[in-house]
Amino acid sequence: MTFTIEPIKPTAAQSGVDFGAMINDLDLEKLTDHDFEKLQEAVYTHQVVVVRNQLHVQPQTQYNITKRFEPEVDTYGHGKQHRAEQSVIARDLSPLPEVPQVQLLGHGLVKNYQGVEERQLTHPHHKVFHQTVMAKEDEEAGKTRFYRWHMDAALYKLNPPKVTSLFGFKNPEPRRQTVVYDDGTDDTLDVQLGTTAFISGQHAFELLPPDLKELAFRTKVKYAPHPYLWMSKARSRSTGLGMVSEGKELSQEELPPIEEEAIKIYPMLWKNPVTNKIHLQVHPAAVQDLIIDGKPMGDLEKVRELLYKMQRPAISPENVYAHEWQDGDMVFFHNRGVLHSVVGSLKETDVRIFQQCNMASAQDPIPVTEEDFAPYRNAASTA
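Attention in this report is confined to the structure presented alongside it.

What counts, and where the lines are drawn
- Residues numbered from 1 in each chain as written.
- Predicted model: local features only at pLDDT ≥ 70, side-chain atom pairs only at ≥ 80, totals over all residues.
- Heavy atoms only, no water.
- Helix = DSSP H or I, 4+ residues; strand = E, 2+ residues; numbered from the N terminus.
- Pairing = 2+ DSSP bridges.
- Phe/Tyr/Trp six-rings, centres within 6.5 Å; stacked < 30°, edge-to-face > 60°.
- Lys NZ or Arg CZ within 6 Å of the ring centre and 35° of its normal.
- Buried < 20%, exposed > 50% of the residue type's maximum accessible area, 1.4 Å probe, protein only.
- Contact = heavy atoms within 4.5 Å.
- Salt bridge = Lys/Arg side-chain N within 4 Å of Asp/Glu carboxyl O.

## A word on unusual backbone geometry
Then comes step 1: Backbone geometry places Gln47, a non-glycine residue, at a positive phi of 75 degrees.
Then comes step 2: Mapped onto the secondary structure, Gln47 falls in the loop between α1 (33-46) and β3 (48-51).
Then comes step 3: In this model, Asn276 sits at a positive phi of 65 degrees, which is unusual for a non-glycine residue.
Then comes step 4: If you trace the backbone, Asn276 turns up in the loop between β15 (269-271) and β16 (278-280).

Written out as structure tokens, the structure is:
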């Protein structure tokens, strides 16, 4: 029996959401080779694929399926973090004892869960990462923020995973919250408590005007060495999209030893391996420099300003798919084609139990060629 892929039907308020799909009739514990091939194609085509009704699925199965997207590597996407307790992602990562490639995430006190006797989980909160924080009364009124827009990637030594799986075992009680952008606009987004928000890198590219498309094609992105330590004292913009430049990044002397060959430099534009479409794919918080036509910009504040100008339209409310989680949802997303963010402010009494898995890739992202880009250059010249 084959399964049915149903593209997500965006609401009128989601006019820019042209990605995402649902599967309601697949048992991941019984996934055949044919099923996996179809699932893999769906993930690269639809970017975010939600497989519902998977409460019975074991962590080993989540790992086995996720690894099939990257069979040559068995390393978790972030590898082993140096001085992990200082890293901005250390508080979010908690490997399961029996399947360490699967990370336990969430909020609240968890007992006797998949080999974990007891663990206190904390949902990421903007107060520990943003330069500014919301007023207490606004938070009590149900307002919240995006935490950090990112792709799952070490961005040092290891290549970004191709696909991430995210399993929602238990969600907190249903409540609505309002994401506020607090960036001088009136942008807001109504979301489910604890949603995961996604935006399409393909749509982000399509939104660029012709001159910025051209610039993106000519630009490479240099990521900081040990990026999550490097940014550990810096703070994010109120939208969660990139950092504020205050000179708080760790110096080379404050970081662990740096291997020059481990520093990652990638094109700004990546090609989808199935659709061949172009994605603007940048982790804005971890960028140290942009190299345009072979020449580094060399000014971190200007680098961040340019990236924000290019990426901010993609996170406008109409372009965000905020997934409405149900217990048992297994979400597979094209980590090299979307950015995502944790969202929400949870109470001490809320319990959220999730599992995340991905593998660092053996291959670099696929660069966009002159032939790939030519249609956009021709369209600009005839406009």
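## A closer look at the sheet that holds strand β8 (residues 176-180)
Then comes step 1: Reading across the sheet, the 3 strands line up as β6-β8-β9 and stay open at both edges, with mixed pairing between neighbours. Taken across any chain shown, the strands that pair with only one partner, and hence form the sheet edges, are β6 (143-144) and β9 (188-192).
Then comes step 2: Pairing between β6 and β8: 2 bridges, direction parallel. Following the sheet pairing, Lys143 is matched in β8 by Thr178.

## Let's talk about the packing of aromatic side chains
Then comes step 1: Per the stated rule, a full pass over the model turns up 17 aromatic pairs.
Then comes step 2: A cation over an aromatic ring shows up here: Lys38 above the ring of Phe3, its NZ or CZ 4.6 Å from the ring centre.
Then comes step 3: Lys213 extends its terminal NZ or CZ atom over the ring of Phe205, reaching a point 5.5 Å from the ring centre.

## Here we look at the pairing of strand β21 (residues 338-342)
Then comes step 1: In terms of residue burial, β21 counts as a mostly covered element, since 4 of its 5 residues are buried.
Then comes step 2: As judged from the 5 bridges shared by strand β10 (residues 196-200) and β21, these two strands associate in the antiparallel manner. What sits directly across from Ala197, in β21, is Ser341.

## Side note on the environment of Leu158
Then comes step 1: Position of Leu158 relative to the elements: it lies in the loop between β6 and β7 (163-170).
Then comes step 2: You can call Leu158 partly exposed: its relative accessible area is 22%.
Then comes step 3: Along the backbone, Leu158 and Thr195 are 37 residues apart, and their C-alpha atoms lie at a distance of 28 Å.
Then comes step 4: Apart from residues lying up to four places away in sequence, Leu158 is in contact with Thr75, Tyr76, Gly77, His78, Gly79, Lys264, Tyr266 and Ala360.

## Digging into the pattern of salt bridges
Then comes step 1: As enumerated under the stated definition, the model contains 20 salt bridges in all.
Then comes step 2: Here Asp182 ties to Arg145 by a salt bridge, and the two come within 3.0 Å at their closest N and O atoms. Of this pair, Asp182 sits in the loop between β8 and β9 while Arg145 sits in the loop between β6 and β7, and the two are 37 residues apart along the sequence.
Then comes step 3: One salt bridge in this structure joins Arg218 and Asp293, with 2.9 Å as the shortest N-O distance. Taken as a pair, Arg218 in the loop between α5 (210-217) and β11 (219-223) and Asp293 in the loop between β17 (287-292) and β18 (295-296) lie far apart in primary sequence, 75 residues in all.
Then comes step 4: Under the relative-accessibility criterion, Arg218 is labelled partly exposed at 34%.
Then comes step 5: In this structure Asp293 comes out as exposed when scored by relative accessible area, which is 52%.
Then comes step 6: Each of Glu173, Arg175 and Asp350 takes part in a single network of salt bridges with overlapping partners.

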